[in-house]
Amino acid sequence: MGNWTLETIAWDRFDASKVDPEILRNIKAAALVERNGGDYGIYLGRVFAGDVLFMDAVDNWVVEEVQHGLALGRWAQLADPTWDFDAAFERFRTGYKLPLHVNESVRGSQAGEMIARCIVETGTSSYYSALKDATEEPVLKQVCQKIAADEFRHYKLFYEHLNRCLQRDRLNRWARLRIGWGRLAESEDDELAYAYFAANEPVDAVYDRKRNMQAYARRAYPLYRQTHVQRAIAMVLKTIGLEPQGRLNNLMTRAGLWFLRRNAARLAAQNA
């Protein structure tokens, strides 16, 4: 477990005048995804059945992920007292389902699953770091700082077990790159889009994956600075077995920043 709980957050420092309504919409969505950590625990339990060492770690990971969701949800309710966190979460769970009845990883191997988990933790640790640096609201800054530290520690957890799995699964760099790229591409799948929809759209609205994903991205992309992107690129390169620092990192960081800024401007122009 990490070194914080909901009780250690300084909720009394909340400053409504410093709430950014654009960031608030994405926080509501993130709260739903994080709170759904229990389903990921079920999925990983089936994929890694019999791996007692890893499953002990997963049990703690699930508790921390759910705590992230509860903390973000509590903050969002302070920022918007009309928002019903529990109702939004039920709406999300009704419309978005994980593959909970599989007996093996959808990535093809346990090592492949660890690669996917490393990519996810890379994304979350960089995103919450970016949120922490972007927000001026003191409670959200504290919450995001705690979550970002947890997510980076989670990355190290999955990376450690990835190395153990690779001794058996023997994935080459090309296979690791393919799995890692595939998981990166899934960042625009239904999970975040439906979470944004469930958290922010009226109850009679019709779900549109592209529109909701664009709405989320328009509010997320401008938050990133070079340091966030560079660190994320290093973590991705390390996951797929390449040198995390150096010329390749510099090149990919420049490309990543160009992508984020270009698409942020495009989505803003479209009023996504």
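Values in this document were obtained by computation on a predicted structure and should not be read as measured data.

Rules used in this analysis
- Residues numbered from 1 in each chain as written.
- Predicted model: local features only at pLDDT ≥ 70, side-chain atom pairs only at ≥ 80, totals over all residues.
- Heavy atoms only, no water.
- Helix = DSSP H or I, 4+ residues; strand = E, 2+ residues; numbered from the N terminus.
- Buried < 20%, exposed > 50% of the residue type's maximum accessible area, 1.4 Å probe, protein only.
- Contact = heavy atoms within 4.5 Å.
- Salt bridge = Lys/Arg side-chain N within 4 Å of Asp/Glu carboxyl O.
- Phe/Tyr/Trp six-rings, centres within 6.5 Å; stacked < 30°, edge-to-face > 60°.
- Lys NZ or Arg CZ within 6 Å of the ring centre and 35° of its normal.
- Patch = residues over 30% accessible without salt bridge, like charges linked within 9 Å, V, L, I, M, F, W, Y side chains within 5 Å.
- Areas by Shrake-Rupley, 256 points an atom, 1.4 Å probe, with all protein chains shown as cover.
- Lys, Arg positive; Asp, Glu negative; His and termini not counted.
- Charge placed at Lys NZ, Arg CZ, Asp CG, Glu CD.
- Axes fitted to C-alpha atoms, helices over the stretch in contact; angles between N-to-C directions.
- Parallel < 35°, antiparallel > 145°, perpendicular 65-115°, else oblique.
- Left-handed = near helix turned anticlockwise from the far one by under 90°.
- Nonpolar A, V, L, I, M, F, W, Y, C, P; charged D, E, K, R; others polar.
- Core = buried A, V, L, I, M, F, W, Y, C linked by side-chain atoms within 4.5 Å.
- pLDDT = per-residue confidence, 0-100.

Participant: A description of the overall build of the chain should follow, citing residues and the corresponding values.
Facilitator: Within the chain one finds 11 helices and 0 strands. C-alpha atoms of the chain, sized along the principal axes, occupy 55 × 40 × 40 Å. Residues counted as buried form 52% of the 272 residues belonging to the chain. Considering only contacts in the chain between residues 6 or more positions apart, those separated by 24 or more positions represent 80%.

Participant: Kindly report on the pattern of salt bridges, identifying the contributing residues and their values.
Facilitator: Scanning all chains against the criterion turns up 11 salt bridges. Arg211 is paired through a salt bridge with Glu201; the nearest N and O atoms lie 3.8 Å apart. Taken together, the residues Arg211 in helix 9 (residues 209-220) and Glu201 in the loop between helix 8 (190-200) and helix 9 connect sequence positions 10 residues apart. Within the structure, one salt-bridge network assembled from shared partners comprises Glu22, Arg218 and Arg219.

Participant: Lay out the packing of aromatic side chains in plain terms, naming residues and giving numbers.
Facilitator: Centre distance and the angle of the planes are the two values used to describe a pair of aromatic rings. On inspection of all chains with the given rule, the structure shows 15 aromatic pairs. Summarising the aromatic geometry, the rings of Phe92 and Tyr96 are spaced 5.6 Å apart at their centres and angled 10 degrees between planes, so their arrangement reads as stacked. Each member of the pair, Phe92 together with Tyr96, is buried. By way of ring pairs, the aromatic residues Tyr127, Tyr128, Tyr196, Tyr216 and Tyr224 are connected into one cluster. Positioned over the ring face of Phe85 is Arg35, at 4.8 Å from the centre of the ring. Over the ring of Tyr159 we find Lys238; its NZ or CZ atom is 4.7 Å from the centre of that ring.

Participant: So what's going on with a positive patch on the surface? Residues and values would help.
Facilitator: Where like charges cluster on the molecular surface, the positive patch consists of Arg209, Lys210, Arg262 and Arg266. Structurally, the position occupied by Arg262 is in helix 11 (residues 247-269). On the accessibility criterion, Arg262 (44% relative accessible area) is partly exposed.

Participant: I'd love a proper account of the packing of helix 2 (residues 37-47) against helix 3 (residues 52-79), names of residues and values included.
Facilitator: The interhelical angle for the contact between helix 2 and helix 3, taken along N-to-C directions, is 165 degrees, at an axis separation of 8 Å. In terms of orientation, helix 2 and helix 3 fall into the roughly antiparallel class. By crossing handedness, the relation of helix 2 to helix 3 is classed as right-handed. Residues Gly37, Gly38, Tyr40, Gly41, Leu44 and Gly45 of helix 2 form the contact with helix 3, whose participating residues are Met55, Val58, Trp61, Val62, Glu65 and Val66. In terms of residue class, the contact of helix 2 with helix 3 is made up of 7 nonpolar, 4 polar and 1 charged.

Participant: Hey, could you go over the nonpolar core for me, with residue numbers and the actual values?
Facilitator: Counting 83 residues, the largest nonpolar core has Leu32, Leu72, Trp75, Phe92 and Tyr128 as the members making the most contacts within it. With 12 residues, the top contributor of residues to this core is helix 6 (residues 138-169). Non-local contacts of Tyr128, meaning those with residues more than four positions away in its chain, are made with Ala30, Glu34, Leu72, Cys144, Ile147, Ala148 and Glu151.

Participant: Can you lay out the packing of helix 9 against helix 11 for me, pointing to particular residues and giving the numbers?
Facilitator: Running from N to C, helix 9 and helix 11 cross one another at 120 degrees; their axes reach a closest spacing of 9 Å. Judged by the angle between their axes, helix 9 and helix 11 are oblique. Taken as a pair, helix 9 and helix 11 cross one another with a handedness that is left-handed. Counted together, Gln214, Ala217 and Arg218 of helix 9 and Arg266, Leu267 and Ala268 of helix 11 form the full contact between these two elements. Of the residues assigned to the contact of helix 9 with helix 11, the class counts are 3 nonpolar, 1 polar and 2 charged.

Participant: Outline unusual backbone geometry, listing residues and values.
Facilitator: The backbone phi angle of Arg170 is positive, close to 55 degrees, even though this residue is not glycine. Checked against the element boundaries, Arg170 lands in the loop between helix 6 and helix 7 (173-185). Exposure remark for Arg170: the relative accessible area of 66% places this residue in the exposed category.

Participant: Please give an account of helix 2 that cites residues and values.
Facilitator: Residues of helix 2 that are buried include every one of Gly37, Asp39, Tyr40, Gly41, Tyr43, Leu44 and Val47, and no others. Residues of helix 2 that are buried in the fold lie against helix 1 (21-35), helix 3, helix 4 (85-95), helix 5 (110-134) and helix 8.

Participant: With reference to specific residues and values, describe the confidence of the model for the chain.
Facilitator: The predicted model of the chain averages 92 in pLDDT, with 98% of residues at 70 or higher. Element-level pLDDT for the chain is lowest in helix 7, with a mean of 83, against a maximum mean of 97 in helix 1.

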